[in-house]
Amino acid sequence: MSVASKEELVGLAGQMVEAAKKAGADIAEAYSHQSSHLSTKTRLKAPELVEEAGSKGVGLRVMLGKQVALVHTSDLSKAGLKRTVEDAIELAKLAQEDPFAGPPDASLLSKSDQHVNLDLFDESMQKLSTAEAIERASAGEKAAFDYDSRITNSEGGTFGRIAGASAIVTSGGFQGYSKGTYASLVVSPVADETDGKKRTGYYWSAKRHLAELKDAKTVGEEAARRTLAKLGAQKVATQHAPVVFDPDAARSILSLLASCINGSAIWRKSSYLAEKEGERIASELVNVIDDPLIPRAPGSRPFDGEGLASRRNTIVENGVLRSYLLDSYSARKLGKESTANASRGASGGVSPSSSNFILKPGSQSAEELLASTPKGLYVTDMMGFGFNAITGDFSRGASGFWIENGEKTFPVSEVTISLNIDELLKSIDAIANDLELDTSIAAPTFRVRSMTIAGRD
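All values derive from a computational prediction rather than experimental measurement.

Across the sheet, 5 strands lie side by side as S11-S10-S9-S14-S19; this open sheet has mixed pairing. Strand pairing shows two members of the sheet lacking a second neighbour, strand S11 (320-321) and strand S19 (441-442), which therefore form its edges. Across 2 bridges, strand S10 (residues 313-317) lies against S11 in antiparallel orientation. Looking at S11, one finds that valine 316 is bridged to leucine 321.

For the rest of this paragraph, the subject is helix H3 (residues 130-147). If you check H3, its first and last C-alpha atoms are 26 Å apart, about what 18 residues at 1.5 Å a residue would give, namely 26 Å. Turning to H3, its buried residues are Ala133, Ala137, Gly140, Glu141, Ala143, Ala144 and Phe145. Elements in contact with the buried residues of H3: strand S1 (27-43), strand S4 (151-170), strand S5 (175-192) and helix H4 (216-228).

All right, on to the pattern of salt bridges then. The final tally for this structure, using the stated rule, is 31 salt bridges. Between arginine 83 and aspartate 75 there is a salt bridge, with its nearest N and O atoms 3.1 Å apart. We classify aspartate 75 as partly exposed; its relative accessible area is 31%. The shortest N-O distance in the salt bridge between glutamate 222 and arginine 226 comes to 2.8 Å. With a gap of 4 residues between them, glutamate 222 and arginine 226 both fall in helix H4, about one helical turn apart. Given the relative accessible area of 18%, glutamate 222 is considered buried. With relative accessibility at 28%, the residue arginine 226 sits in the partly exposed group.

Moving on to the side chain of aspartate 327. Along the polypeptide, aspartate 327 turns up in the loop between S11 and helix H7 (328-334). Buried charge without a salt bridge: aspartate 327, with arginine 61 as the nearest opposite-charge side chain at an N-O distance of 6.7 Å. Among all residues touching aspartate 327, those that are not within four sequence positions of it are Glu306, Ser338, Ala342, Val350, Ser351 and Pro352.

Turning to the pairing of strand S20 (residues 446-454), a few remarks are in order. In the case of a regular strand, side chains alternate between the two sheet surfaces. Sheet analysis places strand S8 (residues 239-245) next to S20, joined by 6 bridges and oriented antiparallel. Looking across to S20, one finds that histidine 240 is bridged to threonine 452. Pairing analysis gives 3 bridges linking strand S17 (residues 407-418) to S20, with the strands arranged antiparallel. Across the sheet, residue threonine 416 finds its bridge partner in S20, namely alanine 454.

A word on the pairing of S1. Of all 17 residues in S1, 12 are buried, a share of seventy percent or more. Direction of pairing for S1 relative to strand S2 (residues 46-64): antiparallel, over a ladder of 17 bridges. Residue pairing in the sheet places serine 36 in a bridge with glycine 54 of S2. Connecting S1 to the next strand, S2, in antiparallel fashion are 2 residues, including leucine 44 with a positive phi near 55°. Here S1 runs beside S4; their pairing, made up of 14 bridges, is antiparallel. Across the sheet, the residue bridging to serine 36 is alanine 163, located in S4.

Conventions and cut-offs
Residues numbered from 1 in each chain as written. Predicted model: local features only at pLDDT ≥ 70, side-chain atom pairs only at ≥ 80, totals over all residues. Heavy atoms only, no water. Pairing = 2+ DSSP bridges. Helix = DSSP H or I, 4+ residues; strand = E, 2+ residues; numbered from the N terminus. Expected span 1.5 Å × (residues − 1). Buried < 20%, exposed > 50% of the residue type's maximum accessible area, 1.4 Å probe, protein only. Contact = heavy atoms within 4.5 Å. Salt bridge = Lys/Arg side-chain N within 4 Å of Asp/Glu carboxyl O. Lys, Arg positive; Asp, Glu negative; His and termini not counted.

Here it is, written out as structure tokens:
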């Protein structure tokens, strides 16, 4: 595994920009990228999947006045690149004018000396062989089987790693290069109920640096423990009660907020948070940031997809919505400034996105939060897609544990939890301090004062 050098990718992107300008483009922006991916899976103690793939290409965005076109190619031959530029110009001539199209103001573009080294690339991952990847996946699954004889089956242990690099060059004068790595291990054991039903659980670890990944034995044993804890799951009666979301479930809730404050959703008015900037949208306990400058974090980046220097944005402060996530285009549509949240895809297209989108932790431990909950549902898993971003209506299948007197008493499954997301966020009355940055959207355990729990009649 190796990644393309700065000279190679910046050179390729610069070559495309220069060719597009010579062909008549008023604005040209190129995104060159290269990545390699390895995924291995073992099931029932035998290798089931080994998949290794690599890709390299360049995306080009050109503008003829206010007419915009995007093209992408993996044909990096001289003829292939020439044809890609010609295609981009022809497509732009056919495009409708968009009065909001355009690059960011040149004065906002960052310089290379502003690009912080975020330590996103782990050299040691280049030495990790396919055999070692299989061994890590196998060791995780074996640890789950060895943990308890009630683990009778498995959906497998999966280990994967990815490494990549990319560069952006624009006719406005920006040049930037970044590279990164990411590794993950997931174990999914299966246990049998006495009535023959199967219960599946999982546990995982993911990091940019291999040495920070939890070891396979820890991941496998925790996956087994979580699976066994689900045995004997039952429905509870339909009622209103407090709901505690563990970090995985809490992250899912936070991702809904991230989608609703995305600039594209705001100018399209496809979010219930349109025109809510400056208003209270959550409990005063809620503070959310978007921070691309955290070393070794999954969503970190030294500059955004348009070349603006990355910066930490406060999204929600003490429950008040302070900012949307904006690129230059959505900012123009809304009459605002970009928040340096542009993301550029392989095609060269740009749209706003989050980086490390984080619900800030509280001061109490997750154990203290649970102990302070007299009764309610502790949610570990959610199923389905029951969310309407325009109205905020939220309803999803859930499973977890029933809480009595501050303790988990028995596992719960086949229930539905529901509450409008606006009311849900405003009803958060406790946040724990167990935040872990394994994913780019991350949240600690939190509790909602009351939700509708639909179970048995």
